[in-house]
Amino acid sequence: MNIDKFKHEHVAILSAIDQLRGLARSGVALQSQAIAEQIVAMSGLIKLHLAVEQRFLYPAVQACGVARVARLGHQYETEMQGIAGDYLAFAGRWNTAVRLAQEPEAFRSEANLVLHALYQRMRREDTELYPAVEAI
């Protein structure tokens, strides 16, 4: 299985997260419209990536015939459900400029938790899951 597409998508998502962080550092209330737009754009990337993983990557990994890698694929699929749910709830709460401007500290706090979990997960995929798949 060619993992390059998934790696490329990770780079795009991580870049979108960095852009969001930069906007937030400039002031959540001041940048509320741009932050809301970035969340909407980033959500499109993330939803597409999740759908492709769910439909193609995880089933293929779990059917690969190498028990250790198949278990790893199952573990990652199960774990991602919680992380994806948390991200989608976050994006649904913070995709409007009005809400961001009214609750900048609540946004910062939730963004730190949710985006950090997403970031850490993608890094683990890059260093654990994808190399395991490429090795078979």
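We now turn to the structure provided with this report. Throughout this description, residue numbers start from 1 for each chain and increase along the sequence as written. Selection of residues for local features in this predicted model requires a pLDDT of at least 70, selection of side-chain atom pairs for listing and counting requires 80 or more, and totals for whole chains, interfaces and linings are taken over all residues. Calculated side-chain values reflect all of the structure's heavy atoms, with hydrogen atoms and water omitted.

Think of a 1 Å grid over just the protein atoms. A cavity is a set of points where a 1.4 Å probe fits yet cannot get out, a pocket is an open set with protein on both sides within 12 Å along at least five of seven lines, and lining residues have an atom within 4 Å of a point. Grid points are joined across faces, edges and corners, and a volume is the space filled by probe spheres set on the points. All chains considered together, the criterion is met by 1 cavity of 30 Å³ or more. In this model, the largest cavity occupies a volume close to 60 Å³. What lines the largest cavity is simply H10, I13, I46, H49, L50, E53, M80, L118, R121, M122 and E125. Its residues placed into classes, the lining of the largest cavity shows 6 nonpolar, 2 polar and 3 charged. Ten residue types, Ala, Val, Leu, Ile, Met, Phe, Trp, Tyr, Cys and Pro, are classed as nonpolar, four, Asp, Glu, Lys and Arg, as charged, and the remainder, Gly among them, as polar.

Turning to the pattern of salt bridges, a few remarks are in order. Each salt bridge in this description consists of a side-chain nitrogen of Lys or Arg and a carboxyl oxygen of Asp or Glu lying within 4 Å of one another. Applying the stated rule across the entire model yields 10 salt bridges. Taking the shortest distance from any N to any O, the salt bridge between R124 and E79 comes out at 2.8 Å. Of this pair, R124 sits in helix α5 (residues 104–134) while E79 sits in helix α3 (residues 67–93), and the two are 45 residues apart along the sequence. Linked through salt bridges whose partners overlap, the residues forming this network are E79, R121, R124 and E125. A run of H or I in DSSP counts as a helix once it spans at least four residues, and a run of E counts as a strand once it spans at least two, with each numbered from the N terminus.

Between the first and last residue of a helix there are one fewer steps than residues, each counted as 1.5 Å, and that sum is the expected span. The end-to-end C-alpha distance of α5, which contains 31 residues, comes to 42 Å, matching closely the 45 Å that a straight helix rising 1.5 Å per residue would cover. We define the bend at any residue as the angle between the axes fitted to the seven residues before and including it, ending there, and the seven starting there. Where α5 bends most, at E125, the angle is about 40°.

A word on the packing of α3 against α5. For any two helices packed against each other, the geometry comes down to the angle between their axes and how far apart the axes lie. Two elements in contact, α3 and α5, have axes separated by 10 Å at closest approach and are oriented at 160°. It follows that α3 is roughly antiparallel to α5 by the angle criterion. Considering only the axes of α3 and α5, their crossing is left-handed. Grouping the amino acids of the contact of α3 with α5 by side-chain chemistry returns 16 nonpolar, 2 polar and 10 charged. Note on geometry: axes are C-alpha line fits, over the in-contact stretch for helices, and angles between N-to-C directions span 0 to 180 degrees. If an angle is under 35 degrees, it is roughly parallel; if it is over 145, roughly antiparallel; if it lies from 65 to 115, roughly perpendicular; otherwise it is oblique. Each crossing is labelled by how the near helix is turned from the far one, with a counterclockwise turn of less than a right angle marking it left-handed and a clockwise turn marking it right-handed.

Attention now goes to the environment of V66. Within the element layout of this structure, V66 appears in the loop between α2 (32–62) and α3. Each C-alpha atom, one on V66 and one on A132, is 9.9 Å from the other, the two residues being 66 residues apart in sequence.

Here helix α1 (residues 4–25) contains 22 residues, and its C-alpha end-to-end distance of 32 Å stays within 8% of the 32 Å for a straight helix at 1.5 Å per residue. It only takes one pair of heavy atoms within 4.5 Å for two residues to be counted as in contact. Looking at the buried side of α1, the elements it contacts are α2 and α5. One or two steps after α1, the chain reaches G27, where phi turns positive at roughly 120°.

With that settled, consider the environment of Y76. With respect to the secondary-structure elements, Y76 resides in helix α3. The residues touching Y76, leaving out its near neighbours within four places in the chain, are Y58, R121, R124, E125, E128 and L129.

Here we take up the nonpolar core. Take the buried Ala, Val, Leu, Ile, Met, Phe, Trp, Tyr and Cys residues and link them wherever side-chain atoms come within 4.5 Å; each set so joined is a nonpolar core. Three labels apply to residues, based on accessible area from a 1.4 Å probe with only protein chains included: buried if under 20% of the type maximum, exposed if over 50%, partly exposed otherwise in between. Within the largest apolar cluster, 40 residues are counted, with the highest numbers of intra-cluster contacts made by I39, Y87, F90, F107 and L129. Secondary-structure elements contributing two or more residues to this core are α1, α2, α3 and α5. The residues touching F90, leaving out its near neighbours within four places in the chain, are I39, F107, E110, A111, V114 and L115.

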